[in-house]
Each structure stands twice: as C-alpha cells, then as structure tokens.
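Here's the letter readout for the chains.
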Amino acid sequence: EAKDKNRESWFLAYIMDTSDEEKAKGKTVEVGRAHFETTNRRFTVLDAPGHKSYVPNMISGASQADVGVLIISARKGEFETGFERGGQTREHALLAK
C-alpha cells in the first residue's frame, strides 16, 4: 500500500500512522501504537510525530516509553539540517533526554 501511494521509503512510518490524513500528507500527527509479544514479554511500539508542529504529541509519546529510539534521515542535507540550531533532530534529542 505504501509503495502504491509513493511512500515506499517511509513505509514504517506509513504503517504506524493512524489516520488516512496522516498517510496522505506523510506526517505523523498522533502517537501510533503497535504491539507484539514474545513468550516472556509484551512490547508496545510508539511512533511519535517528528514535525515541529506536533512537538507536544512527540513529548506525550516519549514520556510513555521505557526505551527510546530516535530515527533520523540520512539524506544529504536533511541529516545536517536536523542538527543545526533549531533543527528538529536536535530538539527531539534534547526533549527525550
């Protein structure tokens, strides 16, 4: 489905997005949730928004986590911009800390 809508490179975010509007815009707004279990443990994966307009939702998602993984773009230009003063990657790392 993500490939059909030209969102193939964002397929993990696409899967976790909760509404059709999020999938159409390619921006996570609400915290997405997925669950899986092993024989000994139950896990919940939270997908928090990264866009600057939804920082309160990102904080809400991060505050529920025992462990956090910050996934950042490795595309040339996007990676560097994320760490500049005022960059989203930098802000999210500081907030999650």
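Residues numbered from 1 in each chain as written. Predicted model: local features only at pLDDT ≥ 70, side-chain atom pairs only at ≥ 80, totals over all residues. Heavy atoms only, no water.

Q: Sorry, what's going on with the pairing of strand E2 (residues 42-47) here?
A: Direction of pairing for strand E1 (residues 32-37) relative to E2: antiparallel, over a ladder of 6 bridges. From the neighbouring strand, Glu37 faces E2, where its bridge partner is Arg42. In this antiparallel pair of consecutive strands, E1 and E2, the connection spans 4 residues. (Pairing = 2+ DSSP bridges. Helix = DSSP H or I, 4+ residues; strand = E, 2+ residues; numbered from the N terminus.)

Q: I'm lost on the confidence of the model for the protein in this one. Help?
A: Close inspection of predicted coordinates is inappropriate in any region flagged by low pLDDT. In the predicted model, the protein carries a mean pLDDT of 84, and 99% of its residues have values of at least 70. Within the protein, no element has a lower average pLDDT than helix H1 (residues 11-16), which sits at 75, and none a higher one than E1, at 89. (pLDDT = per-residue confidence, 0-100.)

Q: How should the pattern of salt bridges be read in this particular structure?
A: Any two side chains of opposite charge can pair if their charged atoms end up close together. What the rule picks out here adds up to 2 salt bridges. Of the charged contacts in the structure, one is a salt bridge between Arg42 and Glu37, with a shortest N-O distance of 3.6 Å. Here Arg42 and Glu37 have matching classes, each one exposed. For Arg75, the salt bridge is made with Glu78, and the minimal N-O distance between the two is 3.6 Å. With a relative accessible area of 41%, Arg75 lands in the partly exposed category. (Salt bridge = Lys/Arg side-chain N within 4 Å of Asp/Glu carboxyl O. Buried < 20%, exposed > 50% of the residue type's maximum accessible area, 1.4 Å probe, protein only.)

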